[in-house]
Amino acid sequence: MMTSKNDKNTRTTGRPTLNEVARLAGVSPITASRALRGISTVATELVEKVQLAAAELNYVVNPAARALASAQSHSVVVLVPSLSNLLFIETLEAIHQVLRPKGFEVLIGNFHYSRDEEENLLRNYMAYQPRGLLLTGFDRTESARRMVEASNVPCVYMMDLDPNAGVNCVGFSQLSAGETAAAHLLSRGYKRLAYIGAQLDQRTLLRGEGFRRALQHAGLYDPALELLTPRPSSVGLGGELFLQLLAAHPDVDAIFFGNDDLAQGALLEALRHGIKVPERVAVLGFNDLPASSFMVPRLSSISTPREAIGRCAAEHLLMIMAGNKIAKPVVDMGFELQVREST
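Attention here is on the structure that accompanies the text. Model, not experiment: these values are computed from the prediction.

Rules used throughout
Residues numbered from 1 in each chain as written. Predicted model: local features only at pLDDT ≥ 70, side-chain atom pairs only at ≥ 80, totals over all residues. Heavy atoms only, no water. Helix = DSSP H or I, 4+ residues; strand = E, 2+ residues; numbered from the N terminus. Expected span 1.5 Å × (residues − 1). Buried < 20%, exposed > 50% of the residue type's maximum accessible area, 1.4 Å probe, protein only. Arc of directions from axis to C-beta. Axes fitted to C-alpha atoms, helices over the stretch in contact; angles between N-to-C directions. Parallel < 35°, antiparallel > 145°, perpendicular 65-115°, else oblique. Left-handed = near helix turned anticlockwise from the far one by under 90°. Contact = heavy atoms within 4.5 Å. Nonpolar A, V, L, I, M, F, W, Y, C, P; charged D, E, K, R; others polar. Lys, Arg positive; Asp, Glu negative; His and termini not counted. Salt bridge = Lys/Arg side-chain N within 4 Å of Asp/Glu carboxyl O. Polar contact = N/O pair within 3.5 Å; in protein donor to acceptor, adjacent residues only side chain to side chain. Core = buried A, V, L, I, M, F, W, Y, C linked by side-chain atoms within 4.5 Å. Pairing = 2+ DSSP bridges.

### Describing helix H6 (residues 115-126)
Here comes step 1: Taking 1.5 Å per residue, 12 residues should reach 16 Å; H6 reaches 16 Å between its end C-alpha atoms and fits that length.
Here comes step 2: For H6, every residue scored as buried is listed here: Glu118, Glu119, Leu121, Leu122, Tyr125 and Met126. On an axial view of H6, the arc spanned by its buried residues comes to 165°, and they lie on one face. Opposite its buried face, H6 presents the exposed residues Asp116 and Asn124, each directed more than 90 degrees away.

### Here's the deal with the packing of H6 against helix H7 (residues 142-151)
Here comes step 1: In contact at an axis separation of 9 Å, H6 and H7 are set at 25° when each is read in the N-to-C sense. One way to sum up the angle between H6 and H7 is to call them roughly parallel. As for how H6 packs across H7, the hand of that crossing is left-handed. In contact with Arg115, Glu119, Leu122, Arg123 and Met126 of H6, H7 contributes Ser143, Ala144, Arg145, Met147, Val148 and Ser151.
Here comes step 2: For the contact of H6 with H7, the per-class residue count stands at 5 nonpolar, 2 polar and 4 charged.

### A few points about the side chain of Arg207
Here comes step 1: With respect to the secondary-structure elements, Arg207 resides in helix H9 (residues 202-218).
Here comes step 2: With no salt bridge to any partner, buried Arg207 finds its closest opposite charge in Asp201, at an N-O distance of 4.9 Å.

### A few points about the pattern of salt bridges
Here comes step 1: A complete count under the given rule lists 17 salt bridges for this structure.
Here comes step 2: Glu209 is the partner of Arg213 in a salt bridge, and the nearest nitrogen-oxygen pair spans 3.0 Å. Of this pair, Arg213 and Glu209 both sit in helix H9, 4 residues apart, roughly one helical turn.
Here comes step 3: Looking at Arg213, the relative accessible area reads 40%, which means it is partly exposed.
Here comes step 4: Among the residues examined, Glu209 registers a relative accessible area of 24% and is labelled partly exposed.
Here comes step 5: When the shortest N-O distance is used, the salt bridge between Arg311 and Glu307 registers 3.5 Å. Of this pair, Arg311 and Glu307 both sit in helix H12 (residues 306-321), 4 residues apart, roughly one helical turn.
Here comes step 6: For Arg311, a relative accessible area of 33% corresponds to the partly exposed category.
Here comes step 7: The partly exposed category is assigned to Glu307, whose relative accessible area is 42%.

### Structural notes on the side chain of Arg212
Here comes step 1: Within the secondary structure layout, Arg212 lies in helix H9.
Here comes step 2: On the basis of relative accessible area, Arg212 is assigned to the buried category, the value being 19%.
Here comes step 3: Side-chain polar atoms of Arg212 contact the side chain of Tyr221, separated by 3.5 Å.

### Some words on the nonpolar core
Here comes step 1: Judged by nonpolar contacts, the single largest core of 43 residues is most densely connected at Val78, Leu99, Leu134, Leu185 and Phe211.
Here comes step 2: Broken down by element, this core gets its largest block of residues, 8 residues, from H12.
Here comes step 3: When neighbours within four sequence positions are excluded, Leu185 is seen to be in contact with Tyr190, Leu193, Phe211, Ala254, Ile255, Phe256, Ala282, Leu284 and Thr343.
Here comes step 4: Formed by 23 residues, the second largest nonpolar core is a distinct cluster that contains Leu237, Val252, Ile255 and Val283.

### Focus: the sheet that holds strand S4 (residues 155-159)
Here comes step 1: Spatial strand order, S2-S1-S3-S4-S5-S11: 6 strands in an open sheet with parallel pairing. A strand with exactly one partner marks an edge of an open sheet, and here the two such strands are strand S2 (105-110) and strand S11 (330-332). Each adjacent strand pair in this sheet contributes to an overall mean axis angle of 15°, direction not counted.
Here comes step 2: In the packing of H6 onto the sheet, contacts are made with strand S1 (75-80), S2 and strand S3 (132-136), and the angle to S2 comes to roughly 155°.

### Regarding unusual backbone geometry
Here comes step 1: Here the residue pair Val277 and Pro278 is connected by a cis peptide bond, since its omega of 10° sits within 30 degrees of zero.
Here comes step 2: By the secondary structure assignment, Pro278 is in the loop between helix H11 (260-273) and strand S9 (282-287).
Here comes step 3: Backbone torsion omega between Val296 and Pro297 reads -5°, so that peptide bond is classified as cis.
Here comes step 4: Not every positive phi belongs to a glycine, and His112 is a case in point at roughly 50°.
Here comes step 5: Structurally, His112 is set in the loop between S2 and H6.
Here comes step 6: Although it is not a glycine, Met159 sits at a positive phi angle of roughly 80°.
Here comes step 7: Relative to the assigned elements, Met159 resides in strand S4.

Have a look at this one:
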């Protein structure tokens, strides 16, 4: 079949087009486009047909052409490690409140604390030519790091700080938070201090490192009193680890938990087993989740500015996308120790 040189569905470069992929797969161009973008509403059998056709024709998606066809991208990609943790829900809400009124679509990716999954999400979202990126922390694959740098897409990092990286970041010092936790427990006269952490993302490990340094400085560090697991953090896991630690080390008199849900689980198990807190053992959490101030006893915790971090990071990204330079690229939002009945 002959086609005109002016037919907008063909390319003069000789490279295969989306229309050719669609014809070979026996679907419409819209369906072919959606299948190649991974949109879930396309039937599995059609996705397979389109992918086979694209492979046969050596078709490569042209992100620049896609962005040109839809004018300028108004999307901002936000990648977080969890959507089941209130910590990130509050941050995302703040980001939406800043970006949506400015006409930006917020594309959220959950990488489940997996560096490889985050890299795949970045690769997929980059095809949409986003105007900006909001990324959580600095722990990612080298490939993902290079991808962000090479893209020249404005980016702000959240939750962690790195004054030496030469990037825009909004967060607080996880190391300092761990040191503050230890200092508080030591000031209360506790001597056998333990750290319980789960998930073991970089931030959890840094909190533990800060806690460890403070105990080493005080001459009270015992490596046997660190209980770390890669299992997902939860209330149930916190109760389980709490009992496990006390069974192995009955002389422990204070525990710092890497997240409040773990500490909440410990308080529930203490209540169930008649273990007095803080008389028998003090319990300190992290993040000060909403339920913590209603626990029995009320949970002492380190409060982190989740909403403020999201808002500030989004505002900085707006400035960068507008071509403005941030006067203070590293913003330490700090944290606050909330002392309650459990310590």
